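Coordinates in review
Listed below are the residues making up each chain.
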Amino acid sequence: MKVVKSLLLILGAFIAVLLIWGLVEPYFVNLEEEEAAIPNLPETWENEEVAVIGDFQVGMWLDNDSTVEQMAEKLVELNPSAVLFLGDYIYHSVDNHEKERQRVKELIKPLTDSDIPVFAVLGNHDYGMASQTADPNEELAGEMKSALQEVGITVLHNESAALTHTDNGVEVGTASSESLYIVGLGAEWPELADSSEAFDGVPDSAARLIMMHNPETFGTLPAEAAPVSVAGHTHGGQMRIPGTPKWSYTALMNETEDDYMYGWIDDYGATGNNLYINPGVGFSILPLRINCPPEITMLKLQSNDDL
């Protein structure tokens, strides 16, 4: 009995420490630097960096919204050529959506006050969808889009933007042979992702970087259309056991065996397409992160001949 009691005490202590760490880890930001190979990348974009963050989930109980502000300040310091926001800025359980939208604007102010261009897509929570079967709230999504636009963020809904390096920095909107196209897809759960519309106006040979909220969208993209893509939504699994990449809290809650939760995803999508999943900032249901800290992903752009 003494052995059993000792084992139970050790197990209880381990769980307690794990839970405490799960409450602490969400306030530590991981900077992940990744090389991204893009065909026909203009020379002016060689070795330039594009940063990716998402899934703020502001408004959830015990949300770690101060981490968003920490990231905004860090991004200004890093000074990438552009920043991509991957959706789910607010959480579905909030009582006052306007208050939470204003909070998002306050948190990202260090970044939006800078000269760094920021692009965004919307996620399912921005439509008030906590599940795939919920009815999308188009009015709520429109208000979130307007809030982001008010602080100078370009929201891409099945559309693209051309970015060109000039002597004065990155110019947005004027396409040339030296442009990099940022393509943003609509949210997956409200069934608004339309790749045909999103790629309309993007020359077949043009360098492009694709952004979306839900990685399920990536599986629908045509071959060779998305050499480098980024998505969020999964929270990277949120709580992951080291050494077991297919086991995570998010996968368990969603009763899925899919292993595309975090990082570069192998054997998924059409030929020539590549996806990186950013683990986001906030939470789903439980305000815990274990072995999955909030992440700024820095993509170092290179022509595919360099890798």
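See above for the structure.
Quantities reported herein were computed from a predicted structural model and do not represent experimental measurements. (Residues numbered from 1 in each chain as written. Predicted model: local features only at pLDDT ≥ 70, side-chain atom pairs only at ≥ 80, totals over all residues. Heavy atoms only, no water.)

Let's talk about the pairing of strand β2 (residues 49–53)
β2 sits mainly inside the fold: 4 of its 5 residues count as buried. The sheet contact formed by β2 and strand β13 (residues 295–303) spans 4 bridges and is antiparallel. Across the sheet, residue A51 finds its bridge partner in β13, namely M298. Taken together, the 4 bridges between β2 and strand β3 (residues 82–85) define a ladder with parallel strand orientation. Opposite V50, over in β3, you have A82 as the bridge partner. (Buried < 20%, exposed > 50% of the residue type's maximum accessible area, 1.4 Å probe, protein only. Helix = DSSP H or I, 4+ residues; strand = E, 2+ residues; numbered from the N terminus. Pairing = 2+ DSSP bridges.)

As for the packing of aromatic side chains
Under the criterion given, the structure shown has 6 aromatic pairs. Ring centres of F85 and Y89 lie 6.2 Å apart, and the angle between their planes is 50°; on these two criteria the pair is classed as tilted. Residue class for F85 comes out buried when judged on its relative accessible area of 0%. With a centroid separation of 5.3 Å and 80° between ring planes, the pair formed by W264 and Y276 is classed as edge-to-face. Placement of W264 in strand β11 (residues 263–264) and of Y276 in strand β12 (residues 275–277) is noted, with a sequence separation of 12 residues between them. Judged by its relative accessible area of 32%, W264 falls in the partly exposed class. Feature note: the residues F56, F85 and Y89 constitute an aromatic cluster, connected by ring pairs. (Phe/Tyr/Trp six-rings, centres within 6.5 Å; stacked < 30°, edge-to-face > 60°.)

Regarding the pattern of salt bridges
Scanning the model with the defined rule gives 7 salt bridges in all. Where E77 meets K74, a salt bridge forms, and the shortest distance between an N and an O atom there is 3.4 Å. Residue E77 and its partner K74 are both found in helix α2 (residues 65–78); the two are separated by 3 residues, about one turn of the helix. The salt bridge involving E150 is made with K105; its shortest N-O contact spans 2.6 Å. With E150 in helix α5 (residues 138–150) and K105 in helix α3 (residues 97–107), the pair connects residues that are 45 residues apart, well separated along the chain. For K105, a relative accessible area of 15% gives the class buried. When salt bridges with common partners are traced through the structure, they connect D65, R103 and E106 into a single cluster. (Salt bridge = Lys/Arg side-chain N within 4 Å of Asp/Glu carboxyl O.)

Looking at unusual backbone geometry
Leave glycine aside and you will find that most residues have negative phi; peptide bonds, for their part, are mostly trans. One non-glycine residue with positive phi stands out, namely D55, at about 55°. In this model, I285 sits at a positive phi of 70°, which is unusual for a non-glycine residue. The topology assignment puts I285 in the loop between β12 and β13. The class of I285 is partly exposed, set by a relative accessible area of 41%.

A look at the nonpolar core
F56, F85 and Y89 are the most contacted members of the largest nonpolar core, which totals 34 residues. Counting residues per element, the ones that place at least two in this core are β2, α2, β3, α3, β4 (118–120), α5 and β13. Core analysis: the next-biggest nonpolar cluster, separate from the first, contains 24 residues, A36, I38, L41 and A82 among them. (Core = buried A, V, L, I, M, F, W, Y, C linked by side-chain atoms within 4.5 Å.)

So, the sheet that holds strand β8 (residues 180–184)
The strand order across the open sheet built from 7 strands is β7-β6-β8-β9-β10-β12-β11, with neighbouring strands paired in mixed fashion. Strands at the two margins of the open sheet, each flanked by one partner only, are β7 (169–172) and β11. For strand β9 (residues 207–211) and strand β10 (residues 229–231), the ladder comprises 2 bridges, and the chain directions are parallel. Along β10, the bridge assignment pairs M211 with V230.

Details of the side chain of R101
Summarising the element assignment, R101 is placed in helix α3. Separated by 2.9 Å, the side chains of R101 and E98 make a polar contact. The contacts of R101, once residues within four sequence positions are left out, are I90, L140, E143, M144 and A147. (Polar contact = N/O pair within 3.5 Å; in protein donor to acceptor, adjacent residues only side chain to side chain. Contact = heavy atoms within 4.5 Å.)

Some words on α5
The end-to-end C-alpha distance of α5, which contains 13 residues, comes to 18 Å, matching closely the 18 Å that a straight helix rising 1.5 Å per residue would cover. Those residues of α5 lying buried are L140, A141, M144, A147 and L148. Taken down its axis, α5 places every buried residue within 120° of arc, on the same side. Pointing more than 90 degrees away from the buried face of α5 are the exposed residues E139 and E150. Taken together, the buried residues of α5 touch α3, β4 and β5 (154–155). Regarding α5, its N-cap is N137, as a side-chain oxygen of that residue lies 3.2 Å from the backbone nitrogen of E139 further along. (Expected span 1.5 Å × (residues − 1). Arc of directions from axis to C-beta.)

Quick notes on a nonpolar patch on the surface
A cluster of nonpolar residues, I20, W21, L23, V24, Y27, F28, W61, L62, I285 and L286, forms a patch on the protein surface that exposes about 960 Å² of accessible area. By secondary structure assignment, the location of Y27 is in the loop between α1 (2–24) and β1 (30–38). Accessibility expressed as a relative area gives 36% for Y27, which makes it partly exposed. (Patch = residues over 30% accessible without salt bridge, like charges linked within 9 Å, V, L, I, M, F, W, Y side chains within 5 Å. Areas by Shrake-Rupley, 256 points an atom, 1.4 Å probe, with all protein chains shown as cover.)

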